[in-house]
Amino acid sequence: MNIFKFIRHHYRVYQKNRRINYHTQQAKKVLGGYGEDLKVNFKCVFNENVFLGTNCHFNGIEIPKGGIVKIGDNFHSGKSCMILSKYHNYEGTRIPYDNTYIIKDVTIEDNVWLGNNVIVLAGVTIGEGAIIQAGAVVVSDIPSCAIAGGNPAKVFKERDKEHYFKLKKEGRFH
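These numbers come from a predicted model, not from an experiment. (Residues numbered from 1 in each chain as written. Predicted model: local features only at pLDDT ≥ 70, side-chain atom pairs only at ≥ 80, totals over all residues. Heavy atoms only, no water.)

Here we have four strands laid out as an open sheet, ordered β4-β7-β12-β15, and parallel in their pairing. Among the strands making up the open sheet, the edge pair consists of β4 (61-62) and β15 (137-138). (Pairing = 2+ DSSP bridges. Helix = DSSP H or I, 4+ residues; strand = E, 2+ residues; numbered from the N terminus.)

Here you go:
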């Protein structure tokens, strides 16, 4: 291997690790709680109402302040995702909405994967082992082991549960 390629490779690895450490430390300052092995690869927006399990990986998510957002273990998000736990009160004293918010908690169970550009709206629960396809807008609950996509997100397939639970029992998490 050329010495310059060797140096460039190791410098890039160093820069990547430095970036991940920086964003992870920034997240830990504002999160309400988090487990071990938190990894924040790129800039994310969190708040003190967000609680994470262990082995959570983020690649650019925004979770503005609102209700409580609970994310389970072994969570992975793609780039440019958003979880909203409040919305404007459109049935208030003004049109199109007043200055109050409707706040609803969001729960994402263990082993969930959100693709790039997924939006999860207030009051939603995403079940264990679910996969949400890139670009989906999740407006209602998604059952365990479901694969959902679209706008609004609809379940179109299910994971092989036997395979899923075998891997889970063996502790084979990414």
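Now that the structure has been shown, the text picks up again.
Moving on: the environment of G171. Checked against the element boundaries, G171 lands in the segment after α2 (161-169). For the pair G171 and V45, spaced 126 residues apart in the sequence, the C-alpha separation amounts to 30 Å.

Right, let's talk about the pairing of strand β16 (residues 146-149) for a bit. Residues of β16 alternate between two faces, with A146 and A148 on one and I147 and G149 on the opposite face, all of them buried. The pairing of strand β14 (residues 131-132) with β16 spans two bridges and is classified as parallel. Directly across from I131, in β16, lies its bridge partner I147. When β16 meets strand β17 (residues 154-158), the two strands line up antiparallel, connected through four bridges. Within β17, the position partnered with G149 by the bridge is K154. Connecting the antiparallel pair β16 and β17 is a turn made up of four residues, with G150 showing a positive phi of about 105°. (Buried < 20%, exposed > 50% of the residue type's maximum accessible area, 1.4 Å probe, protein only.)

Here V30 lies in helix α1 (residues 3-30). Given a relative accessible area of 35%, V30 falls into the partly exposed group. When the C-alpha atoms of V30 and V45 are compared, they prove to be 9.1 Å apart, with 15 residues separating the residues in sequence. Discounting chain neighbours no more than four positions away, the residues touching V30 are F46, N47 and E48. (Contact = heavy atoms within 4.5 Å.)

The computed volume of the largest pocket comes to approximately 340 Å³. N74, H76, N111, R159 and H174 are the residues nearest the centre of the largest pocket, which is lined by 13 residues in total. For the lining of the largest pocket, the class distribution of residues is six nonpolar, four polar and three charged. (1 Å grid on protein atoms, 1.4 Å probe; cavity = no way out; pocket = protein on both sides within 12 Å on 5 of 7 lines; lining within 4 Å. Points joined across faces, edges and corners; volume = space filled by probe spheres on them. Nonpolar A, V, L, I, M, F, W, Y, C, P; charged D, E, K, R; others polar.)

On the basis of which strands lie adjacent, the open sheet formed by four strands has the order β2-β5-β10-β13 and parallel pairing. Unpaired on one side and paired on the other, β2 (50-52) and β13 (125-126) mark the two borders of the sheet. In this sheet, strand β5 (residues 69-71) lies alongside β2 in parallel orientation, the contact comprising three bridges. Across the sheet, residue L52 finds its bridge partner in β5, namely I71.

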